[in-house]
Amino acid sequence: MLRIALFQINPTVGDLKGNAQLVISGVQKARGVGADVAVFPELVLTGYPPEDLLLRRRFAEDNRLALESVVAAAKGLVAVVGFADHDAAGLHNAAAVMRDGQLVATYHKICLPNYGVFDEKRYFVPGGEVLVLDVAGVRIGVSICEDLWVPEGVVETLAYAAGAQVVVNISCSPFHALKGQERAQMMTARAKRCRVFLAYCNLVGGQEELVFDGQSLVIAPSGEVLAHGRAFAEEMILVDIDPQQVHALRAADNEFIARQKGFAAPYPQREVVLSGAEHHFPKQPLAPGAFENLDMEEEVWRALVLGTRDYVCKNGFRDVVLGLSGGIDSALVAAIAAEAVGPQHLTGVRMPSVYTSEQSMTDAQQVAMNLGINLITVPIQQAVTVYRQLLAEHFRGLPEDVTEENIQARIRGNILMAFANKFNWLVLATGNKSEVAVGYCTIYGDMVGGFAVLKDVPKTLVYRLAHHVNARSGREVIPRSVIERAPTAELRPNQKDEDSLPPYRVLDPILEAYVERDLSIADIVGQGFDEATVRRVVRMVDMSEYKRRQAAPGIKITPRAFGKDRRMPITNRYREE
């Protein structure tokens, strides 16, 4: 039996010493439970993604020094640790293999992703050979993230050509809703096809727009899931595997035998024999692990909480502030923030104008009471009056329009930033993806903030999450009146969102088709949507790019988010005819 310990841990980008200490603590823990192999995530020493830090030669050198401290502590087992390696060819996304205080092998990632949020070809050069370790007679292949996703490549070379019985994959796979299911399905199929044990170790934690969900996996060559890490939590996943199962399954699988005979390996193989490496005996039997099957709303909720907590804490803040309007968006952000940083570290600010209803004031107060957060009230009408007086001469004879509405939003943004500056609080913006997509938001107004929690959450999902918050809490955290009221910015008399926008139940599917799937107007209309509505929505999206470019970062929870995922030019005359 081979005992493998997977560590889904939460490093911080650039904290080389702190990240190294996390790994060292993990190695010590793995040794204490009799693990033969300890596995840590991709680029765990640098944090992920380190982006242009990698362009600094000194950063790469310091990351190597951090690796040396880990190597010195890695005794009594084999450890696989992600880091950035520099050689004559350039910088590599690498896995270090160490045992008994020695660096015994280094693997360079072959398949470099360069789509969506990934820019690895900007920083790294690919490796040219696969690595297989002989650990006390067990053949273990080493791979990194994308290597596992590309078919007929690294994993097949390790299984078919190099004879690996176990393939370790260290990864930084960012979350979007239902991504864990997608990974598990792909890996199960790959393990069965290659008749190999897959030991997949994923990062956990938030890094600006990205959240990493953990959910590390160990899958048997039969396709059985032997171990499943928790979602959005640091954890050591411990599993015992019997490598002899691989021989029996392969010998009985005629299709595998045929594929192996016909396989032309795209990469050369390097083998490293770790002489003297022995399994730790005797081992205490492992208790079966529990798998928590989360629904979509709970997955997204946990992603938003973890992403908010890590953004606040890793950037050195303790307290946060937001405008608590009495609407559903700010109520949901308040609930997320209260769980992320604690209600004692959250302040809501009511900023009523003459257009603010008594219902909004009451609902905001009720949300604050339900969450146990501090609530401040700062009326803005006096400031609005002063602004009008300042501009009266210049605007004389012109009708009131969105200009006067936006002045109110910008006054509120200034007030929030004043609190942030005075007390070193971080402002949380409360706009959702639907609003940001079509520009139904005020730049330098309600878009003000250091972090936009709902930036990638469509309005229809906001409603589902509000119901979910109440259900998971067993009480009405977000009042029913907040959920049931027609959404309104309350910047003019009797204003409703649907005065300016299609109903959200219509708007959100159109946005999903255009923004996330890049469908054409004709394709979207072909799905049954009104052509005039589609064209109007597409135009609003295209015309609002300049706003989004200046928006705060927010947590990615869909397959394609604004920001790192979707990068459109601001100056752009292309329009679909």
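Conventions adopted
- Residues numbered from 1 in each chain as written.
- Predicted model: local features only at pLDDT ≥ 70, side-chain atom pairs only at ≥ 80, totals over all residues.
- Heavy atoms only, no water.
- Helix = DSSP H or I, 4+ residues; strand = E, 2+ residues; numbered from the N terminus.
- Rg over C-alpha atoms; globule rule 2.2 N^0.38 Å.
- Contact = heavy atoms within 4.5 Å.
- Areas by Shrake-Rupley, 256 points an atom, 1.4 Å probe, with all protein chains shown as cover.
- Lys, Arg positive; Asp, Glu negative; His and termini not counted.
- Charge placed at Lys NZ, Arg CZ, Asp CG, Glu CD.
- Axes fitted to C-alpha atoms, helices over the stretch in contact; angles between N-to-C directions.
- Parallel < 35°, antiparallel > 145°, perpendicular 65-115°, else oblique.
- Left-handed = near helix turned anticlockwise from the far one by under 90°.
- Nonpolar A, V, L, I, M, F, W, Y, C, P; charged D, E, K, R; others polar.
- Buried < 20%, exposed > 50% of the residue type's maximum accessible area, 1.4 Å probe, protein only.
- Pairing = 2+ DSSP bridges.
- Salt bridge = Lys/Arg side-chain N within 4 Å of Asp/Glu carboxyl O.
- Core = buried A, V, L, I, M, F, W, Y, C linked by side-chain atoms within 4.5 Å.

Engineer: I'd like a description of the overall build of the protein, backed by residues and values.
Structural biologist: Per the secondary structure count, the protein includes 20 helices and 20 strands. Here the C-alpha atoms of the protein give a radius of gyration of 27 Å, agreeing with the 25 Å that 2.2 N^0.38 yields for 577 residues. Along the first, second and third principal axes, the C-alpha atoms of the protein reach 85 × 50 × 50 Å. Sequence separation of 24 or more characterises 75% of the internal contacts of the protein that already satisfy a separation of 6 or more. Looking at the protein as shown, the accessible area adds up to about 24000 Å², and 51% of this sits on carbon and sulfur atoms. Charge-centre separation for the protein: the mean point of 61 positive side chains lies 2 Å from the mean point of 69 negative side chains.

Engineer: Which residues make up the packing of helix 10 (residues 328-341) against helix 15 (residues 459-473), and what values go with them?
Structural biologist: At a minimum axis distance of 10 Å, the contact between helix 10 and helix 15 shows a crossing angle of 50°. With respect to each other, helix 10 and helix 15 are oriented oblique. Handedness of the crossing formed by helix 10 with helix 15: left-handed. Along its contact with helix 10, which presents Ile328, Asp329, Leu332, Ala335 and Glu339, the element helix 15 presents Lys459, Val462, Tyr463, Leu465, Ala466, Val469 and Arg472. When its residues are assigned to classes, the contact of helix 10 with helix 15 shows eight nonpolar, no polar and four charged.

Engineer: How would you explain the side chain of aspartate 85 if you had to name every residue and give the values?
Structural biologist: Turning to its location among the elements, aspartate 85 is positioned in strand 3 (residues 78-87). On the accessibility criterion, aspartate 85 (7% relative accessible area) is buried.

Engineer: Please give an account of the sheet that holds strand 4 (residues 90-99) that cites residues and values.
Structural biologist: Pairing between the strands of a sheet comes from backbone hydrogen bonds, and it takes one of two forms, parallel or antiparallel. Strand order in this open sheet of six strands is 5-4-3-2-1-14, and the pairing throughout is mixed. Every interior strand has two partners, whereas the edge strands, strand 5 (102-108) and strand 14 (235-241), have only one. Adjacent strand axes in the sheet meet at a mean angle of 30°, parallel and antiparallel pairs treated alike. Pairing of strand 1 (residues 2-8) with strand 14 involves seven bridges; the strand directions are antiparallel. For arginine 3, the partnering residue across the bridge sits in strand 14 and is aspartate 240. Sitting on the sheet, helix 1 (residues 16-32) is in contact with strand 1, strand 2 (37-39), strand 3 and strand 14, with an inclination near 150° to strand 1.

Engineer: Give me the lowdown on the pattern of salt bridges, citing residues and values where you can.
Structural biologist: Evaluation of the coordinates by the stated rule reveals 35 salt bridges. Ionic pairing is found between aspartate 240 and arginine 3, a salt bridge with its closest N-O pair at 2.7 Å. One end of the pair, aspartate 240, is in strand 14; the other, arginine 3, is in strand 1, with 237 residues separating them in the sequence. Note that arginine 193 and glutamate 152 form a salt bridge whose closest N and O atoms lie 3.3 Å from each other. Residue arginine 193 is located in helix 6 (residues 179-194), and its partner glutamate 152 is located in the loop between helix 4 (146-149) and helix 5 (154-161); the two are separated by 41 residues in the primary sequence.

Engineer: Summarise the nonpolar core; cite the residues concerned and give the values.
Structural biologist: Membership of the largest hydrophobic core comes to 59 residues, with the highest contact counts inside it found for Ile4, Leu133, Ile140 and Val166. Setting aside residues up to four positions removed in sequence, leucine 133 forms contacts with Val97, Ala105, Val138, Arg139, Ile140, Val142 and Val272.

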